[in-house]
2 protein chains.
Amino acid sequence: MPPRSDPQLPERILNTAARLLATEGPRAVSTRRLARELGTSTMVVYTHFGGINELTRQVMRRGFAEFGTELVRGAVTDDPVADWMTLLWGYRRFALRQPHMYTVMFSAGLADFRLGDPADFKAARASFVSLLRRIHACADAGRWDVQDVNTAGEAVWSGIHGHTMLELTGFFGAVGRDPIRSYNEIGTRLSIGFGDDTHTTAHSLSKAKRRAARADRAHTAST
Amino acid sequence: MPPRSDPQLPERILNTAARLLATEGPRAVSTRRLARELGTSTMVVYTHFGGINELTRQVMRRGFAEFGTELVRGAVTDDPVADWMTLLWGYRRFALRQPHMYTVMFSAGLADFRLGDPADFKAARASFVSLLRRIHACADAGRWDVQDVNTAGEAVWSGIHGHTMLELTGFFGAVGRDPIRSYNEIGTRLSIGFGDDTHTTAHSLSKAKRRAARADRAHTAST
DNA sequence: ACTTATACATAACGATGCTATGCATAACAC
DNA sequence: GTGTTATGCATAGCATCGTTATGTATAAGT
């Protein structure tokens, strides 16, 4: 019953919104800007998404999917602590590559995201579950002594999320400090705090850093 | 040369802005809303502050001052780890009492704040320094083995900042988890990770929690 | 072929930050 | 005491934002 000149207009709106978010930040994702980019009117956002908030939620859902694949990427080896640290570096890599997306996902938008349907929240929680799995492996291997995996996961997530937010706001650059060094510190102290030996933790750390460097090179080469 | 009907109008603007931020959040702090509250025009914000960003910076400066006094409040005892954990609970207490202020201070506004004059940045860093002092005490007492106090401080700050942001966005409430439990976990694992004994850390933790409960009661009684 | 429903454009409302303009007045020079 | 000057403030307007009401053209159903 409608004209529907372009059957995949919703898809194009989503792509444009994601591109504008990545390149120019959240403020560039406006109904009028999208209409200008797409050659349409501002109404298309409301016909297909119901508003700018709902559109942002859809973009966030994509972000969480991409975030999830980034976190699962790392292989499972015989060194679960190194595997865990690899996930930590993957976490940081995603945030640095998509700073605007990460900021929207975990600060401004998270509250709205939570209020939506439970399916949305599960998308966000999926990335957290992959962290829990790595923690569980460390406990199973006898490296860590973890009573409650969820609590441990929340502590780890707090550390890497806080560091990421501080790094994205430019704190480390402003005081001339190295963010990699403190990121190492978080992983190291937590691993020891969970019961691992100091030297084996250091060994796992250097292993994970080598993997992270390889992953960085692989990405920069592919793009 | 000016009429200057009210010599302390800037002060009143600041007070109103701080009140609106605390009670209704950042979106309520607009030039038109301020003009309505104060019975003036929107121009007063520009004559006295140059714009809404500069006004926000001034409000943040106040926030950091209050934040600093909250963090220094705790006494220095013969248990430096307990003193450090007391600072952590004070950190959380401030954020929960002034959620909007904390959010502006450490996410949206921090970047702008950094770009201002160095005096502003020192105000923000002062609260960080009081954290470093507590860490130094733990190392001096032989409880912790810390190579670089700054790096350790950044790791600690990342943990408590990340946890605070997650709690303020409503994450723990959404999944039905206890934020106090994971906040304990952060302090405990980091303290052990820095080299402290597991049992003495637990002892210091319970000591700090008793102090925090007392501080909470003292505040609720005074207000 | 006619009816119906709907995707989209146009236009407008209230809100935002900010700027240009004008005025009334307090502070200065004498 | 008088005149000049500079400035705090109000008014009005600009561009932008999200959203809604309205009209129209067209694809789908009968």
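Keep in mind it's a predicted model, so treat the numbers as computed, not measured. For every chain, the first residue of the written sequence is number 1, and numbering continues from 1 along that sequence. Labels are handed out in written order, letters beginning with A for the chains and numbers beginning with 1 for the ligands. Whole-chain, interface and lining totals are the exception, using all residues; otherwise, since this is a predicted model, local features are given only for residues with pLDDT of at least 70 and side-chain atom pairs are given and counted only at 80 or more.

1. Focus: the packing of helix α4 (residues 52-72) of chain A against helix α5 (residues 80-97) of chain A
Residue and element names in this part refer to chain A.
So, point 1. Angles run from 0 to 180 degrees between N-to-C directions of axes, and those axes are lines fitted to C-alpha atoms, restricted for helices to the stretch in contact. Counting from the N terminus, the helices are DSSP H or I runs at least four residues long and the strands are E runs at least two residues long. The geometry of α4 relative to α5 is characterised by a closest axis approach of 8 Å and an angle of 150° between their N-to-C directions. As for how α4 packs across α5, the hand of that crossing is right-handed. Contacts between α4 and α5 involve F67, E70 and L71 from the former and L87, G90, Y91, R93 and F94 from the latter.
So, point 2. Grouping the constituent residues of the contact of α4 with α5 by class yields 5 nonpolar, 1 polar and 2 charged. We call a crossing left-handed when the near helix sits turned anticlockwise from the far one by less than a right angle, and right-handed when that turn is clockwise. C-beta atoms are first placed from the backbone for all residues, and any pair lying within 7 Å is then listed as a contact. Residues are sorted three ways: Asp, Glu, Lys and Arg are charged, Ala, Val, Leu, Ile, Met, Phe, Trp, Tyr, Cys and Pro are nonpolar, and all the rest, Gly among them, are polar.

2. Section: the interface of chain B and chain A
So, point 1. The interface is formed by 31 residues belonging to chain B together with 31 residues belonging to chain A.
So, point 2. Take the side of chain B that touches chain A: its biggest share by element is 12 residues, from helix α8 (residues 149-168) of chain B.

3. Notes on the relation of the copies chain B and chain A
So, point 1. When the copies are overlaid, the least-squares fit takes in C-alpha atoms only where the residue has pLDDT of at least 70 in both copies. Structural alignment of chain B on chain A gives an RMSD of 0.1 Å, achieved by rotating through 180° and translating 0.0 Å along the axis. Accordingly, the operation relating the two chain copies is best matched by a two-fold axis.
So, point 2. Comparing interface residues between copies, 100% of those in chain B also lie at the interface in chain A; the contact surface is shared.

4. Overview of the environment of L166 of chain A
So, point 1. Within the element layout of this structure, L166 of chain A appears in helix α8 (residues 149-168).
So, point 2. Excluding residues that lie within four positions of it along the chain, L166 of chain A makes contacts with F171 and F172 of chain A together with S158 and H161 of chain B.

5. Focus on the packing of helix α4 (residues 52-72) of chain B against helix α7 (residues 118-140) of chain B
All names here are of chain B.
So, point 1. Axis separation between α4 and α7 bottoms out at 9 Å; the angle between their running directions is 20°. Overall, the two elements α4 and α7 adopt an arrangement that is roughly parallel. Note that α4 runs across α7; the crossing there is left-handed. For the pair α4 and α7, contact is made by R57, R61, F64, A65, F67, G68, L71 and V72 and by D120, A123, A124, A126, S127 and S130, respectively.
So, point 2. Class assignment for the residues of the contact of α4 with α7 results in 8 nonpolar, 3 polar and 3 charged. Oblique is the label for any angle not covered by the other classes, which are roughly parallel (under 35 degrees), roughly antiparallel (over 145) and roughly perpendicular (65 to 115).

6. Brief notes about the confidence of the model for chain A
Interpreting fine coordinate detail is not advised for predicted regions of low pLDDT.
So, point 1. Each residue carries a pLDDT score, the predictor's confidence in it, ranging from 0 to 100. Scored by pLDDT, chain A comes out at a mean of 91, with 96% of its residues at no less than 70.
So, point 2. Helix α6 (residues 99-115) of chain A is the least confidently modelled element of chain A, averaging 82 in pLDDT, while helix α10 (residues 179-193) of chain A averages 98, the highest of any element.

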